[in-house]
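Fold and contact review
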Amino acid sequence: MFKRRLTAFASVIAICLGGSALWASAASAVDPILFVHGFSGSASNWSTMIGRFEKDGWPKSYLRAYSYNTSQSNKTDAEQNVKPEVEALLKATGAPKVDIIAHSMGSLNTRWYIKFLGGESKVDDWVSLGGPNHGTETANLCFTTSCVEMRIGSKFLGELNAGDETPGEVNYGTWWSPCDEFINPDSSVSLTGATNTKTACISHLSLLTDETVYSQVREFVK
């Protein structure tokens, strides 16, 4: 009887160790993801998408969203928020690179981080959902520093888009909706050198929750 119990115990240990190895293998197969919201948004904007990534096998510790002050310059956001958040996620997971999924204005501060603050070597895949990458007429209606930066022809966008719009070895992807009520013109989202995807007729905020958009983004960052 003792021998049978010992054999059973050894089997349980083997299963547990095997499970741990499988989990580690699954975790190493994907990059951790940093989610960056847009103007007047918050980390809670990502609840639906993060839940879907978890359901599809991403470890919870690999999925990070944060809130930040969206009225200040995108340059400041890149330096004070994006950069340290990327470093913290890399340290916590032990991964060599992260993926970034950004909505709206989050596309601008994350691009600034990649282009000017060393992010080229830290980011594998970058996704922009309805990002005002070349400005939007809607920004003429507000007057914070970040809004001025989002205006078509702004000095900030001139710097950000000068030369190569998609620098480095980062895999860039954008998603834009023909019915986006905040990004005007719609063509603002697309970047030269990126994979640019037109969605169905959905709203600006629906880019965060639309199931088809999620499925496409998931495949893009796998």
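Before reading on, note that the structure itself is shown above.
Residues numbered from 1 in each chain as written. Predicted model: local features only at pLDDT ≥ 70, side-chain atom pairs only at ≥ 80, totals over all residues. Heavy atoms only, no water.

1. Digging into the state of the cysteines
- Under the definition given, this model contains two disulfides.
- In this model Cys142 forms its disulfide with Cys147; the gap between the sulfur atoms is 1.8 Å. Note on the Cys142 and Cys147 pair: the S-S dihedral is about -85°, so by sign convention the disulfide is left-handed.
- By relative accessible area, which is 0% here, Cys147 ends up buried.
- There is a disulfide in this structure between Cys179 and Cys201, and the S-S distance comes to 1.7 Å. Across the disulfide from Cys179 to Cys201, rotation about the S-S bond amounts to roughly -105°, and the bridge is consequently left-handed. In this pair, Cys179 sits in the loop between strand 5 (171-176) and strand 6 (195-198) while Cys201 sits in the loop between strand 6 and helix 7 (211-221), placing the two residues 22 residues apart along the sequence.
- By relative accessible area, Cys179 is classed as partly exposed at 32%.
- What makes Cys201 exposed here is its relative accessible area of 56%.
- Regarding the disulfides, the chain carries the connectivity 1-2, 3-4 under sequence-order numbering of its bonded cysteines. (Disulfide = S-S within 2.5 Å. Buried < 20%, exposed > 50% of the residue type's maximum accessible area, 1.4 Å probe, protein only. Helix = DSSP H or I, 4+ residues; strand = E, 2+ residues; numbered from the N terminus.)

2. Concerning unusual backbone geometry
- Residue Asn184 is joined to Pro185 through a cis peptide bond whose omega torsion reads 5°.
- Tracing the chain through its elements places Pro185 in the loop between strand 5 and strand 6.
- Of note in the backbone geometry, Ser40 takes a positive phi value of approximately 60° without being a glycine.
- Inspection of the secondary structure puts Ser40 in the loop between strand 1 (33-36) and helix 2 (47-55).
- On the accessibility criterion, Ser40 (59% relative accessible area) is exposed.
- For Ser104, which is not glycine, the phi dihedral falls at a positive 55°.

3. Focus on the side chain of Asn133
- Positionally, Asn133 belongs in the loop between strand 4 (123-129) and helix 5 (145-149).
- Look at Asn133 and you get buried, because its relative accessible area is 0%.
- Reaching out from Asn133, the side chain makes a polar contact with the side chain of Arg111 at a distance of 3.5 Å.
- Apart from residues lying up to four places away in sequence, Asn133 is in contact with Ser107, Leu108, Arg111, Trp126, Ser128, Leu157, Asn161, Thr174, Ser188, Val189 and Leu191. (Polar contact = N/O pair within 3.5 Å; in protein donor to acceptor, adjacent residues only side chain to side chain. Contact = heavy atoms within 4.5 Å.)

4. So, the sheet that holds strand 6
- The strand order across the open sheet built from six strands is 2-1-3-4-5-6, with neighbouring strands paired in parallel fashion. With partners counted over all chains shown, the strands left at the sheet margins are strand 2 (63-66) and strand 6, one partner each. Adjacent strand axes in the sheet meet at a mean angle of 15°, parallel and antiparallel pairs treated alike.
- Both strand 1 and strand 2 contribute to a ladder of four bridges, which runs parallel. Paired with Val36 across the bridge in strand 2 is Tyr66. (Pairing = 2+ DSSP bridges. Axes fitted to C-alpha atoms, helices over the stretch in contact; angles between N-to-C directions.)

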